[in-house]
Amino acid sequence: NGRARKARKPRTIYSSLQLQALNQRFQQTQYLALPERAELAARLGLTQTQVKIWFQNKRSKYKKILKQG
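Residues numbered from 1 in each chain as written. Predicted model: local features only at pLDDT ≥ 70, side-chain atom pairs only at ≥ 80, totals over all residues. Heavy atoms only, no water.

### Some points on the packing of aromatic side chains
All told, the structure shown has four aromatic pairs when counted by the stated rule. Here the aromatic rings of phenylalanine 26 and tyrosine 62 are separated by 5.9 Å at their centres, their planes lie at 75°, and the arrangement is edge-to-face. One end of the pair, phenylalanine 26, is in helix H1 (residues 16-28); the other, tyrosine 62, is in helix H3 (residues 48-68), and 36 residues separate them in sequence. Judged by its relative accessible area of 6%, phenylalanine 26 is buried. Through a chain of ring-to-ring contacts, the aromatic side chains of Phe26, Trp54, Phe55 and Tyr62 assemble into a single cluster. (Phe/Tyr/Trp six-rings, centres within 6.5 Å; stacked < 30°, edge-to-face > 60°. Helix = DSSP H or I, 4+ residues; strand = E, 2+ residues; numbered from the N terminus. Buried < 20%, exposed > 50% of the residue type's maximum accessible area, 1.4 Å probe, protein only.)

Printed below as a string of structure tokens:
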């Protein structure tokens, strides 16, 4: 084809400890303020973007489940 495609980053694999902490925090609040996100990311050894996207995906899944009943 000749077109150069931008290589995607590999999918993040979260450890069970990270998932546990993320899920616990999600049960407390579905939205994180910037300082909270930075603190959580640093504590779990993740980037702020990884935490932000995890919360976005989790909210989306949560709303989808609520919609289904």
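### Details of the UniProt feature "DNA-binding region" (unreviewed entry) in the chain
Look at the UniProt record and you will see "DNA-binding region" (unreviewed entry) annotated at residues 7-66. Helix makes up 72% of residues 7-66 and strand 0%. Its end C-alpha atoms lie 35 Å apart. (UniProt positions renumbered as here; feature names shortened; annotations may be inferred.)

### Focus on the UniProt feature "domain: Homeobox" (unreviewed entry) in the chain
The feature "domain: Homeobox" (unreviewed entry), as annotated in UniProt, sits at residues 5-65 in this numbering. With 69% helix and 0% strand, residues 5-65 has end C-alpha atoms that lie 35 Å from one another.

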